[in-house]
Structures are given as C-alpha cells and as structure tokens.
Amino acid sequence: MATPEAAISEAEIVAAIEAAADEAALEAIRIQELGKKGRISEALKGLGKMTQDERKEAGPRLNGLRDRVQGAILARRETLAEAATEARLAAETLDVSLPVRSSPAARGRIHPISQVIEEIAAIFADMGFSIAEGPDIETDHYNFTALNFPVGHPAREMHDTFFLQPDAAGERKVLRTHTSPVQIRTMETSEPPIRIVIPGKTYRQDSDATHSPMFHQVEGLVVDKGATIANMKWVLEEFCKAFFEVPALNMRFRPSFFPFTEPSLEVDIQCDRSRPGEVRFGEGSDWMEILGCGMVHPNVLRAGGLDPDVYQGFAWGMGIDRIAMLKYGMPDLRAFFEADIRWLERYGFRPLDMPTLFGGLSG
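For clarity, every value in this text was computed on a predicted model and none was experimentally measured. (Residues numbered from 1 in each chain as written. Predicted model: local features only at pLDDT ≥ 70, side-chain atom pairs only at ≥ 80, totals over all residues. Heavy atoms only, no water.)

(A) View of the side chain of His 297. Along the chain, the position of His 297 falls in the loop between β9 (286-296) and α10 (298-303). A distance of 3.0 Å separates a polar atom in the side chain of His 297 from the backbone nitrogen of Asn 299. Here His 297 is in contact with Asn 148, Pro 259, Phe 260, Thr 261 and Glu 262, once residues within four sequence places are set aside. (Helix = DSSP H or I, 4+ residues; strand = E, 2+ residues; numbered from the N terminus. Polar contact = N/O pair within 3.5 Å; in protein donor to acceptor, adjacent residues only side chain to side chain. Contact = heavy atoms within 4.5 Å.)

Structure below.
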C-alpha cells in the first residue's frame with residue numbers, strides 16, 4: 001500500500017524554502033505544506049487510516065518531516081528578516097559624525113583690501129617703486145602745514161578731521177586724513193630720486209555706503225630733477241591698465257585744485273556702465289573719476305627739505321576701498337569692516353593666490 005507521504009519530496013520543499021525571496025513567498029510555502037490543507041498536514045491526517053504497524057513506521061517519518069520543514073521555514077524567515085533590517089539600515093543611515101575639517105589654507109580667506117594692496121605693490125614694484133609707511137597719528141605740521149594747507153582751510157575743521165586731546169605742550173594731534181604726510185617724512189630722510197607708493201589707513205568724519213570714518217588710501221610720489229607731467233601720465237595709465245587687467249584704456253585729465261600740487265588734475269578713465277550693476281573699463285563711451293594727481297607744489301618740496309629750483313616731482317592718490325569695489329563688484333563699503341564671515345567667503349581670496357603681473361593679479 002502506498003504511504004501518504006510518498007508523493008512528498010523533502011528535498012524539493014527545502015529547495016523551495018531556500019529560494020523564497022521574501023516573507024510572502026515563504027508564507028505561501030508554509031501554507032502549501034503545513035497549512036490545514038497542506039500536503040504534510042493531509043499526510044498526518046492519513047495516519048488514522050493506517051494499521052498499527054504502518055503508523056509506527058510512517059508516524060515518526062511524517063512528524064520528523066514536519067519538524068524539519070518548520071525548522072527550515074523559521075531559519076529562512078530569520079535570514080530574510082536580517083536582510084530586510086540591513087537593507088533598511090543602509091537606506092536610512094544617518095551619519096552623525098563631524099565631517100573632516102578642511103585645512104587652514106583651504107578655509108582661510110585674504111581680505112579684499114589686503115589683496116588689492118598686494119596688487120598695487122606688485123604693479124608699482126615692477127615700475128621700480130618702493131613701499132613707504134608712516135604713523136596713523138600725525139602732527140598738524142605733517143598732516144596740514146607741510147602740505148601747504150593754509151590756516152583756516154576747511155580740511156582742518158572739526159567736521160572733517162578727528163582731533164585728539166591736547167598734549168602737555170598744548171598741541172592737538174590728529175588721525176591722519178590722508179597718507180600724504182609720509183611724502184614729507186620720506187623727503188626729509190631720503191635723497192632724490194624718490195619713487196614711493198604709500199598704502200595705508202586714513203580717517204575722516206564721514207560714513208555712508210561709499211564712505212567710512214576709517215578707509216584706505218594709496219598715494220605715490222616721484223621726485224627727481226627731470227620729473228614731468230608726461231612721466232606721471234604714463235605711470236598712471238600703466239597702473240590702471242595693469243590693475244583693471246585691460247589691454248588699453250583712455251584717460252582724461254581735468255584741471256582741479258589740491259593745496260599740495262600745482263598744477264592739480266583729476267583723472268577720469270574710460271568705462272561702460274550700460275549693464276545694470278556692472279562697470280567695464282577700457283571700453284564704452286562713459287567716464288569715471290578715479291584719482292587725483294599733480295606736480296608737487298614748491299612749498300611742499302621746501303617743507304621736505306628739497307630745493308624746488310633743483311628738483312620737481314609729481315604725486316597722486318586714490319581710495320583703495322573704492323578701486324576694490326569697482327574691480328570686484330562690491331556694492332557697499334561698510335561691509336568691508338563688518339567682519340561678516342559670509343561676505344569674506346564670497347569676496348575673499350585664497351591665501352596662496354599671490355598677485356603677480358605674469359600670473360594674473362586676481363587669479
């Protein structure tokens with residue numbers, strides 16, 4: 001007589017269990033084999049129709065088959081559950097560790113003012129100029145008198161100049177209103193020919209989007225026996241071309257007045273302002289005032305200890321902050337001094353990008 005389990009292949013059941021790809025497939029096998037109407041369950045029900053001897057032989061085999069199939073199903077279920085957990089963890093992983101910190105060289109930024117000063121120094125050094133510096137706190141003599149500012153000149157008044165409290169001798173020193181005092185100090189201590197540029201901080205009582213109580217200027221001074229306006233025009237044109245990185249530009253020199261130069265001139269450079277919020281130099285039909293200049297006044301040469309009948313010179317000055325704004329598109333001067341790291345990250349320069357004429361001033 002054929003036994004009920006004869007048609008059941010344990011190897012096929014185990015293979016199907018191992019091949020089950022998910023919980024649903026595994027449950028289908030369980031129902032098919034161990035459910036109320038499953039093949040193994042039906043075989044177990046058939047034990048009652050067997051003789052005692054047949055039950056003794058078939059019973060242990062069927063019960064053993066049931067137990068092994070149940071064990072295989074449980075083992076596969078645990079494997080699928082572990083795989084599902086790993087997949088979910090991989091999909092939902094949240095890395096709460098801190099990222100690797102970038103190096104100081106990658107994270108740091110050079111302030112645009114420092115960068116522009118380096119650019120200016122690189123340009124004038126190529127022309128044979130040296131850098132000169134002087135104190136921020138000056139005497140009336142160096143800041144005004146030696147520069148041919150007459151007594152009563154408006155620039156001496158409180159609305160323009162920061163005066164300090166009188167010292168023991170009753171003298172009131174000032175925060176320098178320009179870097180021109182360094183011209184006098186250089187002439188007193190150096191023999192011509194003199195070729196210097198003077199970048200530094202200056203102070204005036206003014207504050208808005210384009211003015212600051214503390215700002216930066218650069219001035220230049222050339223003193224020699226044969227210095228002329230033609231020399232000055234060449235120097236200024238070469239500087240503007242190099243600084244704004246254009247192959248050529250037109251310049252316009254207009255008569256003006258400064259106490260320390262005679263004749264005095266203001267310089268406009270060619271530009272194009274047709275695009276909103278953008279200024280392009282060396283093209284277009286518009287003009288923009290960029291600096292003041294002139295031949296050094298004889299009284300200033302005398303104050304510096306030089307004979308104006310032997311020597312003559314020329315000088316110029318411009319705002320470093322302003323030319324930085326023009327070149328790099330910064331709309332508000334006040335942001336230069338607010339220490340906002342977001343602004344510095346946008347407009348700052350990488351520490352190792354040193355300006356050079358052959359490599360490009362602005363990188």
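Structure's up, so let's keep going.
(B) Structural view of the nonpolar core. Judged by nonpolar contacts, the single largest core of 48 residues is most densely connected at Phe 124, Phe 239 and Trp 316. Of all elements in the fold, only α6 (112-126), β5 (214-224), α9 (229-244), β7 (261-272), β9, β10 (312-319), α11 (320-328) and α12 (341-347) reach the threshold of two or more residues within this core. The greatest single-element share of this core, amounting to seven residues, is contributed by α9. With sequence-adjacent residues up to four places away left out, Phe 239 is seen in contact with Ile 120, Ile 123, Phe 124, Met 127, Met 318 and Ile 323. Residues Ala 146, Leu 147, Leu 221 and Tyr 311 belong to the second largest nonpolar core, which totals 21 residues. (Core = buried A, V, L, I, M, F, W, Y, C linked by side-chain atoms within 4.5 Å. Buried < 20%, exposed > 50% of the residue type's maximum accessible area, 1.4 Å probe, protein only.)

(C) Quick look at the pairing of β10. Pairing of β5 with β10, which is carried by eight bridges, proceeds in the antiparallel orientation. Residue pairing in the sheet places Gln 217 in a bridge with Gly 319 of β10. Pairing analysis gives four bridges linking β9 to β10, with the strands arranged antiparallel. Note that in β10 the partner of Gly 294 across the bridge is Ala 315. (Pairing = 2+ DSSP bridges.)

(D) Local environment of the packing of aromatic side chains. Evaluated as defined, the whole model comprises 15 aromatic pairs. Taken together, a centroid distance of 6.0 Å and an interplanar angle of 5° make the contact between Phe 258 and Phe 260 stacked. Centroid distance Trp 343 to Tyr 347: 5.3 Å. Interplanar angle 45°. Geometry classified as tilted. Taken together, the residues span about one helical turn, with Trp 343 and Tyr 347 both in helix α12 at a distance of four residues. Residue Trp 343 shares its accessibility class with Tyr 347, and that shared class is buried. Lys 233 extends its terminal NZ or CZ atom over the ring of Phe 253, reaching a point 5.1 Å from the ring centre. For Lys 327, the ring lying beneath its charged end belongs to Phe 243, and the centroid distance is 4.5 Å. (Phe/Tyr/Trp six-rings, centres within 6.5 Å; stacked < 30°, edge-to-face > 60°. Lys NZ or Arg CZ within 6 Å of the ring centre and 35° of its normal.)

(E) Expanded view of α11. Of all nine residues that make up α11, eight are buried, and the element is covered over most of its length. Among the residues of α11, those classed as buried are Ile 320, Asp 321, Ile 323, Ala 324, Met 325, Leu 326, Lys 327 and Tyr 328. Two residues or fewer past α11, Gly 329 is found with a positive phi of approximately 70°.

(F) Structural context of the side chain of Thr 186. With respect to the helices and strands, the residue Thr 186 is situated in helix α8 (residues 181-189). In contact with Thr 186, not counting residues within four places along its chain, are Ala 132, Ile 194 and Ile 196.

(G) Local environment of unusual backbone geometry. Omega for the bond connecting Pro 192 with Pro 193 falls within 30 degrees of zero, at 5°, which places this linkage in the cis form. Within the secondary structure, Pro 193 is located in the loop between α8 and β4 (194-203). Of note in the backbone geometry, Asn 148 takes a positive phi value of approximately 70° without being a glycine. Checked against the element boundaries, Asn 148 lands in the loop between α7 (140-143) and β3 (174-175). By relative accessible area, Asn 148 is classed as partly exposed at 22%. Positive phi, normally seen in glycine, also occurs at Glu 245, with a value near 55°.

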